[in-house]
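Descriptive analysis of the structure
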Amino acid sequence: MSVFNLKGAKPLGKGKFLTSGGINDREVQGLLSSYKRVTASGYTSLLEVDIEGALPPGPMQVSPKIDGATWYLISDGKNTALASPSGSLIYGSVPLLDEAKKFSSRCSKITIIAGELYFLKKAGRPRVSDLVSALGGGTKAKTASLGFAAFDLVAGGKTGTDIPPDSYTGRYEALEYILSGGKRVKAVKTETVTTPAEVKTLYKKWVEKGKGEGIIVRTASRRIFKIKPVLTVDAVVIGYTLKNTKQKMVRSLALALMRKDGTYHFIGSCGSLGSDANRKSLLKKIGKTGTESNWRCASSEGTLYRFVKPGIVIEVKSSDVQSENSSGKPIRKMVLSYGKEGWAALQKMPCGSLSNPVFTRIRGDKKADKTGIRIDQITDRCFVAEISQKAVAGLLPESKKLLREVYTKKSKGSIAVRKIVAWKTNKEKTDSRYPAFVVHFTDYSPGRKEPLKREVRLAPSKKEAQIIAKEILVENIKKGWVKS
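Summarised in this report is the structure supplied together with it.

What counts and how
Residues numbered from 1 in each chain as written. Predicted model: local features only at pLDDT ≥ 70, side-chain atom pairs only at ≥ 80, totals over all residues. Heavy atoms only, no water. Phe/Tyr/Trp six-rings, centres within 6.5 Å; stacked < 30°, edge-to-face > 60°. Helix = DSSP H or I, 4+ residues; strand = E, 2+ residues; numbered from the N terminus. Buried < 20%, exposed > 50% of the residue type's maximum accessible area, 1.4 Å probe, protein only. Pairing = 2+ DSSP bridges. Axes fitted to C-alpha atoms, helices over the stretch in contact; angles between N-to-C directions. Contact = heavy atoms within 4.5 Å. Disulfide = S-S within 2.5 Å. Polar contact = N/O pair within 3.5 Å; in protein donor to acceptor, adjacent residues only side chain to side chain.

For any pair of aromatic rings, geometry is given as the distance between the ring centres together with the angle between the planes. On inspection of all chains with the given rule, the structure shows six aromatic pairs. For the ring pair phenylalanine 266 and tryptophan 295, a centre distance of 5.4 Å and an interplane angle of 65 degrees mean the geometry is edge-to-face. Taken together, the residues span a long stretch of sequence, with phenylalanine 266 in strand β16 (residues 264-270) and tryptophan 295 in the loop between α7 (276-286) and β17 (306-307) at a distance of 29 residues. The burial state of phenylalanine 266 is the same as that of tryptophan 295; both residues are buried.

Okay, structure coming up:
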């Protein structure tokens, strides 16, 4: 049986494109997903200014980072195709695949090569947005402009080899041999250097003066660094949490960008706001613009955001933006509309997630409109699926409460509270992203360094949810606690 599913595909130029289910072999699909998960979690993002201070001395292999999407070139002895981590498939008469088929005699029966699928351009650097347009072009797709820059050997190798070499040097040498002479398909340019200063020189050559989106640095200790130019984004503030209710200063800000249909896409939060003076100043500007919201969003500390009217635009800088999680699945964030009744949740849709955003300044010259806070600031940097699709409020069944118990305890002049709530979501059949049952435990103690603690446990059945709830109560409700 072939590794590939070649049925039900749509035209892509003279080739075929299957959006999902392109891999028949579970072992191969698991290998693609696990490689993406392991490599993504292993990257460390840096900015150019961090190069000399963060990189270790010793041999390092440096490659340009091309602005595209991670795909796999797979040969199973009969067919050669491109597969994405999520199971999309490109096969048939596509120029880069026609070229790759010529290399099949140089590699083992099943060979999987990881690389960057990108859009070839004569002038300017490749953009992931160009790739997205090409893959959505149907019979008119510009498949002649698709290129593949191979950067790692996942499975197989040279003829007669079933397992890739352990060292990256060995795997790269195998790539160079297999793809020798390629034009649209070739091993990514790689140079070996020994000092951070040499890395910086290559960064200037390939990124500042060349077509690279950034650079990838592989060290002798197997650490992998991704170095890109700093990304600045202008986003609107839609909510905030307080750092200290007595000192009246902001702890973190909830941010959003505007989609082309005028809705707002939540992109995450920013807690790096600078000095206490900055935090107090921000609260003065946004604290009086509170509004209602039917969507609840909690910070990483468990505090619910207080929503505000969309008016204040701030600039944040980030080392990177990702649109997929470590498993290769799209990162989904809530899309909201804003009207007379405040914020209304519509639907969670794919979006980019900023890496370690840092507040830079308030943009008094920017408006919270399609120009000032456009979503393109992210989509120009990474591929985001369904970005043109309209978000629609989903009609999901209401949850049913199974248990709610509150306990209090007086201690040193204050009252501690512990609450447990369990419910059946009734949504798991409608939307697979919802669990069947949820158990939520809240522990509030005003005298503790971290006053609010939360624990959320998921369960597949009512019986399992009841067991979890009982375990939590036995562990946390002891002598002195009074049921309210």
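Taken in spatial order, the five strands make up an open sheet running β3-β13-β12-β4-β11, and their pairing is mixed. At either end of the open sheet lies a strand with only one pairing partner, and these are β3 (43-46) and β11 (191-193). Averaged over neighbouring strand pairs, the angle between their axes works out to 30 degrees when direction is ignored. Contacts from helix α6 (residues 196-208) reach β4 (60-65), β11, β12 (214-219) and β13 (224-227), with the element oriented near 15 degrees to β4.

By secondary structure assignment, the location of arginine 332 is in strand β20 (residues 332-339). For the pair formed by arginine 332 and arginine 223, sequence separation is 109 residues and the distance between their alpha carbons is 28 Å.

For the rest of this paragraph, the subject is the state of the cysteines. According to the stated counting rule, one finds zero disulfides in the structure shown. Not part of a disulfide, cysteine 270 finds its nearest cysteine sulfur in cysteine 297, a span of 14 Å.

This part covers the side chain of threonine 442. By the secondary structure assignment, threonine 442 is in strand β26 (residues 437-444). In this structure the side chain of threonine 442 is engaged in a polar contact, spanning 3.3 Å, whose partner is the side chain of histidine 440. With sequence-adjacent residues up to four places away left out, threonine 442 is seen in contact with Val417, Arg418, Lys419, Leu452 and Lys453.

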